[in-house]
Amino acid sequence: MRLNNRVAIVTGAGAGIGKAIALRYACEGAKVVVAEINAETGQATADEIRSLKQEATFVRTDVAEESDVRRMVETAFERYGRVDLGRCAPGGIDGDGAERPFGNSKGPRRSGGFPSIG
Ligand SMILES: NC(=O)c1ccc[n+]([C@@H]2O[C@H](COP(=O)([O-])OP(=O)(O)OC[C@H]3O[C@@H](n4cnc5c(N)ncnc54)[C@H](O)[C@@H]3O)[C@@H](O)[C@H]2O)c1
């Protein structure tokens, strides 16, 4: 497994591309922080990863909210002590989101400022 002992944060991991990335990272051995605005689907992805005997932690995260993103990263470090990989599934380029990295309550729900790393 190519990602043994690596820690990954995947946003939008409750569905679609983000979920597929989270499962793939887990299958490659990574510990996955499942960050998702929808608590039900986010928790389901984390449960699915654990059913594969891999490690996952769900953190309810709206990537448009700076405080949520901070908590997401803090949780990753508290739980696993490091972050090696990050993938952002809900993009930060919709509408005027690119000009307001963390948006506000009137902004598009999919805007966000968490960059892909790794
Ligand atoms: N599917 C494609 O073919 C495709 C192609 C190009 C670009 N994209 C872009 O990639 C991104 C993901 O596409 P998808 O098909 O996987 O979408 P999807 O709707 O299947 O999944 C997106 C996930 O992100 C979550 N999400 C939405 N807003 C969020 C927020 N503010 N904070 C945290 N989580 C949030 C949703 O709840 C959902 O679980 C989108 O931005 C889409 O525009 C998709």
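Reading the values: the criteria
- Residues numbered from 1 in each chain as written.
- Predicted model: local features only at pLDDT ≥ 70, side-chain atom pairs only at ≥ 80, totals over all residues.
- Axes fitted to C-alpha atoms, helices over the stretch in contact; angles between N-to-C directions.
- Helix = DSSP H or I, 4+ residues; strand = E, 2+ residues; numbered from the N terminus.
- Parallel < 35°, antiparallel > 145°, perpendicular 65-115°, else oblique.
- Left-handed = near helix turned anticlockwise from the far one by under 90°.
- Contact = placed C-beta atoms within 7 Å.
- Nonpolar A, V, L, I, M, F, W, Y, C, P; charged D, E, K, R; others polar.
- Expected span 1.5 Å × (residues − 1).
- Buried ≥ 20, exposed ≤ 12 C-beta atoms within 10 Å, placed from the backbone.
- Arc of directions from axis to C-beta.

With respect to the packing of helix 1 (residues 16-27) against helix 2 (residues 39-51)
Then, in step 1: One way to put it is that helix 1 packs onto helix 2 with a least axis distance of 10 Å and a crossing angle of 25 degrees. For the element pair helix 1 / helix 2, the angle class is roughly parallel. When you trace helix 1 past helix 2, the crossing you get is right-handed. Listed contacts from helix 2 to Lys19, Ala22, Leu23 and Ala26 of helix 1 are Thr45, Glu48 and Ile49.
Then, in step 2: Its residues assigned to classes, the contact of helix 1 with helix 2 shows four nonpolar, one polar and two charged.

Some thoughts on helix 3 (residues 66-80)
Then, in step 1: For helix 3, spanning 15 residues, the distance from its first C-alpha to its last is 21 Å, which sits close to the expected 21 Å at 1.5 Å a residue.
Then, in step 2: When helix 3 is considered as a whole, its buried residues turn out to be Val69, Met72, Ala76 and Tyr80. The arc that holds the buried residues of helix 3, viewed along the axis, is 55 degrees, so those residues lie on one side. Pointing more than 90 degrees away from the buried face of helix 3 are the exposed residues Ser67, Arg70, Glu74, Phe77 and Glu78.
Then, in step 3: Next to the buried residues of helix 3 lie strand 1 (7-11), strand 2 (31-36) and strand 3 (56-60).
Then, in step 4: Gly81 occupies a position one or two residues after helix 3 and carries a positive phi of about 80 degrees.

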